[in-house]
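Fold and geometry: a report
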Amino acid sequence: KVLGYTLNASKEAGVNRIPHMLSPTPKNGEKRFFSLYDEVDGTLHVLGAYARLGAEGHLTKEFEDEWYPYIRYLLNIVCDMPYFYYNSQQPVHLYPNAYPPETMQIVYNCAFEHSREGRRWCCFDLLTQCFFGGTLEAMAKLAKKRGETEDAEFYSKTIELLREGVDKYMTRESENGKVYLEMRLPDGAYGKPFTEMGWVNLSPTAARWQPLPQSVYDNTVKTLVERLWRPVINHEDLYILYTDTTPGSEPKPDTIGKGLGWYILYCLDSGNFEHILSVLKFI
């Protein structure tokens, strides 16, 4: 019901993405409000939900058949410029600084809604990369199940390109080894690594999809916890994961619900029940 409502509203909005927000179904001829921020990770949340439910057999055949062409249409838009920068045919060896973004093989988000500085960021963020990969993987499975072999091959190949791009442009070396970047900031060339960390670094848990081996994610979370696992104000015996690091200073004593939820799930997988208990006590 939620998917159907959302997809119908997207068609009503007449845009080639999922609207960021929408008002309830209007009454008495009133006009519906749409927030049209082009937040591609939000679009991928919805497309990925359809793909996973379909791949796992939880959609009725009628619903799956009705919406498959539209979901494919929206996802294929994300698979192309100006979202996914993938063009391996650019003669980079001849013009090393002329066309680099087209070869990066990561997804650009022009309106990433972030807690950091309380604003939207134009960036290549880890959350979008992970939800893109998870959606592609689920759509490849669903397409194969439906006999859509060309779709399955295309999405599988796109996953390979994405993994290569994340490995090259969305990681850095830390004291704990290779870790994921929270964001890469565009500058007209290959972008600049953003080396601060926060809840966005838990994106593989949120999306249930990892671009690279588990060791990279483990290194990331270890580094994140070293920086952000701090005592709660006025409760020195109680610790939680703060929202994000701040350049040149101590992290602000803030936390964010989804970040705590994702960290609980990571701790569940890794057996860190002491940290789960601390978070639950805080809540």
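It should be noted that the structure appears before, not after, this text.
Residues numbered from 1 in each chain as written. Predicted model: local features only at pLDDT ≥ 70, side-chain atom pairs only at ≥ 80, totals over all residues. Heavy atoms only, no water.

1. Remarks on the overall build of the protein chain
Just so we agree on the cut-off: Where helices and strands are cited, they refer to DSSP runs of H or I of at least four residues and of E of at least two residues respectively, numbered from the N terminus. The buried label applies to any residue whose accessible area, calculated with a 1.4 Å probe on protein chains only, is under 20% of its type's maximum; exposed applies above 50%, and partly exposed to all values in between. In this description, contact between two residues means that some pair of their heavy atoms is separated by no more than 4.5 Å. Method for areas: the Shrake-Rupley scheme with a 1.4 Å probe, in which residue coverage is limited to the protein chains shown. All tallies of charge rest on Lys and Arg as positive and Asp and Glu as negative; His and the ends of each chain are not included. To locate a charge, take atom NZ for lysine, CZ for arginine, CG for aspartate or CD for glutamate.
Each helix and strand in the protein chain was counted, giving nine helices and 10 strands. Considered along the principal axes of its C-alpha atoms, the protein chain spans approximately 60 × 55 × 35 Å. Per-residue burial for the protein chain yields a buried fraction of 52% across its 283 residues. Partitioning the intrachain contacts of the protein chain with sequence separation of at least 6 by distance along the chain shows that 58% fall at a separation of at least 24. Just so you have it, the protein chain exposes about 14,100 Å², and 53% of that area is on carbon and sulfur atoms. Once the 30 positive and 37 negative side-chain charges of the protein chain are each reduced to a mean point, those two points are 2 Å apart.

2. Description of the sheet that holds strand S3 (residues 109-113)
The condition is simple: By this definition, two strands are paired if DSSP reports at least two bridges between them. Think of each axis as a best-fit line through the C-alpha atoms, taken over the contacting stretch in the case of a helix, with angles from 0 to 180 degrees between the N-to-C directions.
Strand order in the open sheet formed by four strands is S3-S4-S7-S8, with antiparallel pairing between adjacent strands. Every interior strand has two partners, whereas the edge strands, S3 and strand S8 (192-194), have only one. Shown here is a sheet whose adjacent strand axes are inclined to one another by a mean of 60 degrees, direction ignored.

3. Things to note about the side chain of Asn176
Here is the rule we go by: Pairs of N or O atoms are called polar contacts if they sit within 3.5 Å, as long as, within protein, a hydrogen donor faces a hydrogen acceptor (for residues adjacent in sequence, only side-chain-to-side-chain pairs).
Looking at the secondary structure, you find Asn176 in the loop between strand S5 (171-174) and strand S6 (177-180). Only 3.2 Å separates the side chain of Asn176 from the side chain of Glu226, close enough to count as a polar contact. Sequence-distant contacts of Asn176, that is, excluding residues within four places in its chain, are made with Asn219, Lys222, Thr223 and Glu226.

4. Brief notes about unusual backbone geometry
In this structure, the amide linkage connecting Met81 to the following residue, Pro82, adopts the cis form with an omega of 10 degrees. Among the secondary structure elements, Pro82 is positioned in the loop between helix H3 (61-78) and S3. Phi angles above zero are rare outside glycine, and Glu117 is one such case at about 65 degrees. As for its position among the elements, Glu117 is in the loop between S3 and strand S4 (120-125). Although it is not a glycine, Asn234 sits at a positive phi angle of roughly 70 degrees. Here Asn234 lies in the loop between strand S9 (229-232) and strand S10 (235-241). Note on Asn234: relative accessible area 70%, which makes it exposed.

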